[in-house]
Amino acid sequence: MKPLRIVFMGTPDFSVPCLRSLAGKGHEIVAVYSQPPRPAGRGQKEKLSPVHAYAVDQGWPVFTPKTFRSSDVQDAFREHNADVAVVVAYGLILPTEALYAPKMGCVNVHASLLPRWRGAAPIQRAIEAGDAESGVCIMQMVEELDAGDVILEGRIDITATTTASTLHDALSVLGGKLIVEALDGLENGALVPTAQPEEGVTYAKKLSRDESELDWTQPAQSLERKVRALTPWPGVHFTYQGDRFKVQQVSFVEKAQTAVPGTLLDDDLLVACGENALRIERLQRPGKGVMDRKAFLNGFPLKRGTDLTQANEGKGR
């Protein structure tokens, strides 16, 4: 089977295994598209995206348009004369003209089991919702968001210890495996894209810092999933005496409701919630590094009965 001429479109580290797999299979990467370099770090020096940096290392031509609305950008895209465009967390909306420019169209690697969790944050929303599994769908792209026919899918269990980071990494590797199988199957006719079911469509809204605050009146199980879903970004926190305490890890504790939500039930960071309780395992106070609860309490002892929702005019201890 002859190698395909592929335009690859992606930006974050999630996308790199797919690009690496395609090149390793012997396909010809005729162009790589990625988000433009952005200022990063204290010096605000422009930094290449992970996909951009990898492409430079491999010697592939890289294009970083800010939009695909320009006719010049669309013409240049068409002139690659690609067999297929593979899109993995690229970050720009492709107009109709671009979607159908390659001979086999544009194929997307999406980190969910479609039609569940179309949209921006499928990994985090699946964990937050308590889904039993997630996965990767290789999808033929159409104008409607994440609504194209599915070429191939793979599944991964979500366990009680799954975090956004671990699921991200597992799905990234799975995507790299499936995209090669999907393109082979499309080319030789072994795989026929299947329409998504009309029922079961959900949307994974974009992550926001506005959802980072822990609401202790919520059930402990929901908050535990939220911590696993939103760490490392946008992160979760509670505010105590005017300071923001970032929470990195918690554990669920089944416990009858005996106190107002947000109250410490012991001297070891067990917090009453709307239902049951959470033990804070790892956290960070302002100006300090991330600590386990024992180290944290050595320097900042919080005793049973402390109200973590207290927001007086004092600034910590």
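The structure presented is a predicted model; accordingly, all values stated were derived computationally and were not measured.

Reading across from one edge, S5-S2-S1-S6-S7-S9-S10 is the order of the seven strands in this open sheet, with mixed pairing throughout. Because the sheet does not close on itself, it has two edges, and the strands there are strand S5 (62-63) and strand S10 (150-157). Taken together, the three bridges between strand S6 (residues 84-88) and strand S7 (residues 106-110) define a ladder with parallel strand orientation. Each residue of the ladder has a partner; that of Val87, found in S7, is Asn108.

The next point concerns the pairing of strand S1 (residues 5-10). Of all six residues making up S1, five are buried, and the element is well covered by its neighbours. Pairing geometry for S1 and strand S2 (residues 28-33), over five bridges, is parallel. Along S2, the bridge assignment pairs Met9 with Tyr33. Where the polypeptide runs from S1 across helix H1 (residues 16-24) and back to S2, its parallel neighbour, the crossover connection is right-handed. Bridging between S1 and S6 involves five bridges; their strand directions are parallel. Paired with Phe8 across the bridge in S6 is Val86.

With the rule as written, the count across this model stands at 16 salt bridges. Among the salt bridges present, the one from Lys25 reaches Asp184, with a minimum N-O distance of 3.5 Å. Pair noted here: Lys25 is in the loop between H1 and S2 and Asp184 is in helix H6 (residues 164-188), with a separation of 159 residues, a long-range link. Classification of Lys25 by relative accessible area gives partly exposed; the value is 45%. Across the pair Glu281 and Arg293 runs a salt bridge, and its minimum N-O distance is 2.4 Å. Highlighted residues: Glu281 in strand S15 (residues 277-284) and Arg293 in helix H8 (residues 293-299), separated in sequence by 12 residues. Across the pair, exposure class does not vary: Glu281 and Arg293 are buried alike. Several salt bridges share partner residues, and in doing so they unite Asp266, Asp268, Arg279, Glu281, Arg293 and Lys294 into one network.

Attention shifts here to the pairing of S2. Summarising burial for S2: five of the six residues are buried, a large majority. Here S2 pairs with S5 via two bridges, running parallel. Of the residues in S5, the one forming a bridge with Tyr33 is Phe63.

Take unusual backbone geometry next. The linkage connecting Thr231 with the following residue, Pro232, adopts the cis geometry, with an omega of 15°. Relative to the elements of secondary structure, Pro232 occurs in the loop between helix H7 (220-230) and strand S12 (236-240). Cis geometry is found at the peptide bond from Trp233 to Pro234, where omega equals 5°. Along the chain, Pro234 turns up in the loop between H7 and S12. Of note, the phi angle at Leu269 is positive, near 60°, even though the residue is not glycine. Among the secondary structure elements, Leu269 is positioned in the loop between strand S13 (243-253) and strand S14 (270-272). On the basis of relative accessible area, Leu269 is assigned to the buried category, the value being 1%.

So, how was this worked out
- Residues numbered from 1 in each chain as written.
- Predicted model: local features only at pLDDT ≥ 70, side-chain atom pairs only at ≥ 80, totals over all residues.
- Heavy atoms only, no water.
- Pairing = 2+ DSSP bridges.
- Helix = DSSP H or I, 4+ residues; strand = E, 2+ residues; numbered from the N terminus.
- Buried < 20%, exposed > 50% of the residue type's maximum accessible area, 1.4 Å probe, protein only.
- Right-handed = clockwise from strand over helix to strand, strands pointing away.
- Salt bridge = Lys/Arg side-chain N within 4 Å of Asp/Glu carboxyl O.

The values reported here are purely geometric and, on their own, carry no functional implication.
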